[in-house]
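Residue strings, one per chain:
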Amino acid sequence: MSELQDRLAALRGQAREWAADFRAAAPDLDRDPERIKDFLDLPGVRYLSTLGVPPGFGAAPLRVGAHGFAGTTALERTVVLEELARGDVGMTLAAPGPSMSGVLMEHLGDCAQREEFYGAFVNAPTWTCFALTEPERGSDAGALATTLATEGGRLVLSGTKRYVGNSVRARYATVFARTRPGPLGVTAVLVDTASDGYAAEPLDTLGLRGAQLGSITLDRVVVDPGRILGRHLSPTRRGIRACIKVFNELRPGVAALALGIAGAAHDHLRENGLPSRGPDRERIDTLGWRIRATRELVLRAAADADAEGDGYLASAAKARACALAEEVTLAACELLAPAARLTHPLLDRLVRDARGVEFMEGTRNIQHLNLFQGLLTGRAG
Ligand SMILES: Cc1cc2nc3c(=O)[nH]c(=O)nc-3n(C[C@H](O)[C@H](O)[C@H](O)COP(=O)(O)OP(=O)(O)OC[C@H]3O[C@@H](n4cnc5c(N)ncnc54)[C@H](O)[C@@H]3O)c2cc1C
């Protein structure tokens, strides 16, 4: 085994242990997303609460045996997220921590912004949210209409966001807004959610209930110019292109969540009596091989993201993993019993959650469009 494989296997083993707690807590969280407050001391939740805080900001690196993990690479995140999602995706998404906003801050934050933001996670559980989607602008995120404009000599943020995970719990929101028309006019702002004019409401959802999706109203929220992310960079490095770069880096993690769901459904099938032979057994074995093959793709996409690749592998991995999550969860229902979603509550949750991850970070259609563009232009290998 190479040193890297050895390290990742140690990390995977640790995350798998934490995932057992997530599985046990999941039914309570699914019933009431507020229950996350009762689970903050679980080791996996504590790990996520500082995952992505770069070295030097007070978060201790994870140690597993002889190995140390800073948690700042897509590859490490991908391994941990798959295993935790295999326990429960809702718990994984409900945990406090820098999460997606942490990666954005890594790319766009200046010294003062990084100091304030990353410094917040070490002493107390702190939630963040990443507010991009708007009511009529989901897949077409570049058409966002939230504005950051000067009014009476002050910078003011106005608009609405929807389907934003953890928006009700968040202390910090990274909000995407427009300063002028066109792709270079898109800017991210670090918003303190205690600011006047910021209001978040939970949305009732069927899947991934732990993530507590919410809608945000930004009613003339006054923004200090020091809170504009990437203000020290040129517009080409901080506009929509910077966002795309961040998404490319995050996407393997979302693929890993989907893979975790597929793995959980497959485990459940195997734990509930495998037929020794016949077409059902062949189908279950084939799904297992496809999960392993997709894991290879997801890990390659993560390694590519760490090497600042072009994101095509990440799109392929996300599309493939989400399709597989839906297929395996539905196949498990079909193979186990006619009313499996009633008699196996875990499967019912997994089917709902599989549909939820499909929409995170761009649907399959959008990933396919991205891949197709890459193939058409010769940029995707
Ligand atoms: C669990 C979950 C967590 C989320 N977390 C966040 C978050 O933290 N922050 C945030 O900002 N957003 C978040 N979202 C929102 C998510 O990014 C959007 O749901 C997603 O971008 C799709 O947008 P939409 O829901 O408006 O669907 P639409 O864009 O209206 O899409 C509806 C359907 O049309 C298809 N479609 C759309 N455009 C095209 C096209 N050009 N070609 C072919 N097909 C197309 C889509 O594939 C989809 O099947 C989350 C969503 C979910 C479900």
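Residues numbered from 1 in each chain as written. Predicted model: local features only at pLDDT ≥ 70, side-chain atom pairs only at ≥ 80, totals over all residues. Heavy atoms only, no water.

(A) Local environment of the pattern of salt bridges. For the structure on display, the rule yields 31 salt bridges. Between Arg114 and Glu106 there is a salt bridge; the shortest N-O distance is 3.5 Å. Arg114 sits in the buried class, given a relative accessible area of 18%. Asp348 is the salt-bridge partner of Arg341, the closest N and O atoms lying 2.9 Å from each other. The class of Arg341 is partly exposed, set by a relative accessible area of 38%. Shared partners join several salt bridges into a network, and the residues in it are Arg12, Arg16, Glu82, Glu83, Arg86, Asp267 and Arg295. (Salt bridge = Lys/Arg side-chain N within 4 Å of Asp/Glu carboxyl O. Buried < 20%, exposed > 50% of the residue type's maximum accessible area, 1.4 Å probe, protein only.)

(B) Summary view of the side chain of Thr174. Mapped onto the elements of the fold, Thr174 is located in strand β6 (residues 172-178). Of the polar contacts made by the side chain of Thr174, one reaches the side chain of Ser101; its length is 2.8 Å. If we ignore the near neighbours within four places in the chain, the residues touching Thr174 are Ser101, Leu104, Cys129, Phe130, Ala131, Val189, Leu190 and Leu229. (Helix = DSSP H or I, 4+ residues; strand = E, 2+ residues; numbered from the N terminus. Polar contact = N/O pair within 3.5 Å; in protein donor to acceptor, adjacent residues only side chain to side chain. Contact = heavy atoms within 4.5 Å.)

(C) Looking closely at helix α1 (residues 3-31). Between its first and last C-alpha, α1 extends 42 Å over 29 residues, near the 42 Å set by a 1.5 Å rise per residue. Along α1, the largest kink reaches about 45 degrees and is centred on Ala25; proline Pro27 follows within four residues of it. (Expected span 1.5 Å × (residues − 1). Bend = angle between axes of the 7 residues up to and from the residue.)

(D) Seen up close, the site of the ligand. The local shell around the ligand holds 18 residues, among which Phe130, Thr133, Ser139, Tyr163 and Thr363 are the closest. Between an oxygen atom of the ligand and a side-chain N or O atom of Asn365, the distance comes to 3.1 Å. The fraction of the free accessible surface of the ligand (970 Å²) that becomes covered by protein chains is 67%. Only β3 (128-131), β5 (154-164), α12 (345-359) and α13 (364-377) provide two or more residues apiece to the shell around the ligand. Looking at the shell around the ligand element by element, the count peaks at three residues for α13. Looking at the shell around the ligand residue by residue, the class counts come to 11 nonpolar, seven polar and no charged. (Near = heavy atom within 4 Å. Areas by Shrake-Rupley, 256 points an atom, 1.4 Å probe, with all protein chains shown as cover. Nonpolar A, V, L, I, M, F, W, Y, C, P; charged D, E, K, R; others polar.)

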